Amino acid sequence: VVDYVRAKMKPLTPIQVECERLLIKLCDIRSVVFDIYGTLMISAAGDISLTNEVQSVSGMQEAFRILGGSEDRAKAEVAVQQYQIEIKRSQEEKRKRGVDFPEVEIREVWAALAEKFSLPGNDIEAAALAYECAANPCWEMPGAKTTIDLLQEKGLVLGIISNAQFYTPHVVEGTTGVVLRGGIIPEEMIIFSYEEGEGKPSRRLFEKLAVAAKKQGIQPEEILYVGNDFVKDIEPAQEVGFRAALFAGDARSLRTGSASLSEACATADVVLTELAQLREVLGL
């Protein structure tokens, strides 16, 4: 699977943001927790939920081939629309059950899609991965692996809170070389939206990691969370007591919501324009 990702993904380069870095030294940090899309990985779409329409149709044709159907372009265009409908339907069902920020299990969406188009659907995971690689091209954010390796070497506990799907660890390993599952990041410190049934900016994801960190003797204020989205990353992280670094290293993925860039930067504890700047912030 990782080899497939490496074969399909092509290098991307960050687009510079007109933003001043803010590298305040934080001496009491014992854990660094990352977002993935737009932070550890350049995402051409900027986010897991935003994709290019032309690439999506191409990816759907490949997915249909894997699922035993035809690669007819017109049918693929209809299927892309149906795919979005299935996602919205699943999210709406969860909203009715009281989930404020519902996340889908993408394999369930693909199973429903295969049934809708009368496809055998014997390899749902391969089809979903093929579509993702086409619709949301990703690549390593410069310095991602070297920064992760440095933090681990210096004894900081690593973590992940990310909107993600089952294929995300494969995409991360294929593009950055960072092994998420079974690697240097403790399993209990990995919070994926699809496993929780809800996504960021849900505070529950951050609270769950805080509980896991406390079991290791790490308090919320000793955690630095690094993310590219002010609303989904910075605000919830600070609300549960984490320190928060706004990553402004790529114009594709920097999100400030209704806040201006200057307001977002002023609210964050730290503003990074490169991941390698964590060395200076943490005094490593």
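This text goes with the structure placed above it.
Before going into details, it helps to say that this report is about the structure given with it. (Residues numbered from 1 in each chain as written. Predicted model: local features only at pLDDT ≥ 70, side-chain atom pairs only at ≥ 80, totals over all residues. Heavy atoms only, no water.)

Things to note about the layout of surface pockets
Within this model, the second largest pocket holds a volume of roughly 230 Å³. Lining the second largest pocket, in full, are Tyr4, Lys8, Met9, Lys10, Gln55, Ser58, Gly59, Glu62, Ala130, Cys133, Ala134 and Pro137. Breaking the lining of the second largest pocket down by element, the ones donating at least two residues are α1 (2–8), α2 (53–66) and α5 (124–135). At 4 residues, the largest contribution of residues to the lining of the second largest pocket is made by α2. In the lining of the second largest pocket, the residues fall into 6 nonpolar, 3 polar and 3 charged. (1 Å grid on protein atoms, 1.4 Å probe; cavity = no way out; pocket = protein on both sides within 12 Å on 5 of 7 lines; lining within 4 Å. Points joined across faces, edges and corners; volume = space filled by probe spheres on them. Helix = DSSP H or I, 4+ residues; strand = E, 2+ residues; numbered from the N terminus. Nonpolar A, V, L, I, M, F, W, Y, C, P; charged D, E, K, R; others polar.)

Examining the sheet that holds strand β1 (residues 31–34)
Within the open sheet, the 6 strands sit side by side as β5-β4-β1-β6-β7-β8. Their pairing is parallel. The open sheet terminates on both sides in strands that have one partner only, identified here as β5 (190–192) and β8 (270–272). The sheet shows a mean angle of 20° between the axes of neighbouring strands, taken without regard to direction. Note that β1 and strand β4 (residues 157–162) share 4 bridges and pair parallel. Of the residues in β4, the one forming a bridge with phenylalanine 34 is isoleucine 160. Its contacts with the sheet place helix α10 (residues 230–239) against β6 (223–227) and β7 (243–247), and it is angled at close to 165° to β7. (Pairing = 2+ DSSP bridges. Axes fitted to C-alpha atoms, helices over the stretch in contact; angles between N-to-C directions. Contact = heavy atoms within 4.5 Å.)

Looking at the packing of aromatic side chains
In total, this model carries 8 aromatic pairs according to the counting rule given. With centroids separated by 6.3 Å and ring planes inclined at 55°, the aromatic side chains of phenylalanine 206 and phenylalanine 242 adopt a geometry described as tilted. Of this pair, phenylalanine 206 sits in helix α9 (residues 203–214) while phenylalanine 242 sits in the loop between α10 and β7; the two residues are 36 residues apart in sequence, bridging distant segments of the chain. With respect to class, phenylalanine 206 is no different from phenylalanine 242; both count as buried. (Phe/Tyr/Trp six-rings, centres within 6.5 Å; stacked < 30°, edge-to-face > 60°. Buried < 20%, exposed > 50% of the residue type's maximum accessible area, 1.4 Å probe, protein only.)

With respect to the environment of arginine 89
Position of arginine 89 relative to the elements: it lies in helix α3 (residues 73–96). Once the C-alpha coordinates of arginine 89 and glycine 183 are considered, the two residues, 94 residues apart in sequence, prove to be 35 Å apart. Here glutamate 93 takes part through its side chain, which lies 2.8 Å from a polar atom of the side chain of arginine 89. (Polar contact = N/O pair within 3.5 Å; in protein donor to acceptor, adjacent residues only side chain to side chain.)

Examining the pairing of β7
A large share of β7 lies buried, amounting to 4 of its 5 residues. Of the strand pairs in this sheet, β6 and β7 are connected by 4 bridges, and their pairing is parallel. In the strand pairing of β7, leucine 224 is matched with arginine 243. For the crossover from β6 across α10 to β7, the handedness is right-handed. Of the strand pairs in this sheet, β7 and β8 are connected by 3 bridges, and their pairing is parallel. If you follow phenylalanine 247 over to β8, its bridge partner there is leucine 272. You can see the chain leave β7, run along helix α11 (residues 261–267) and come back into β8, and the turn it takes is right-handed. (Right-handed = clockwise from strand over helix to strand, strands pointing away.)

So, the pairing of β6
Consecutive side chains along a regular strand alternate between the two faces of the sheet. For β6, the tally of buried residues reaches 5 of 5 residues, placing the bulk of the element in the interior. Judged by which residues are buried, β6 turns out to be covered on both faces: Ile223, Tyr225 and Gly227 on one side and Leu224 and Val226 on the other are all buried. Two strands pair when backbone bridges link them, and β1 and β6 are joined in this way by 4 bridges, in the parallel orientation. Bridging across to β6, phenylalanine 34 finds its partner in valine 226.

Description of the nonpolar core
Core analysis: the biggest nonpolar cluster contains 65 residues, and Phe34, Met60, Ile106, Trp110 and Val226 have the highest contact counts within it. Residue contributions to this core peak at 7 residues, all from α5. Not counting chain neighbours up to four residues away, the residues in contact with isoleucine 106 comprise Tyr83, Ile87, Ala128, Gln165, Phe166 and Tyr167. (Core = buried A, V, L, I, M, F, W, Y, C linked by side-chain atoms within 4.5 Å.)

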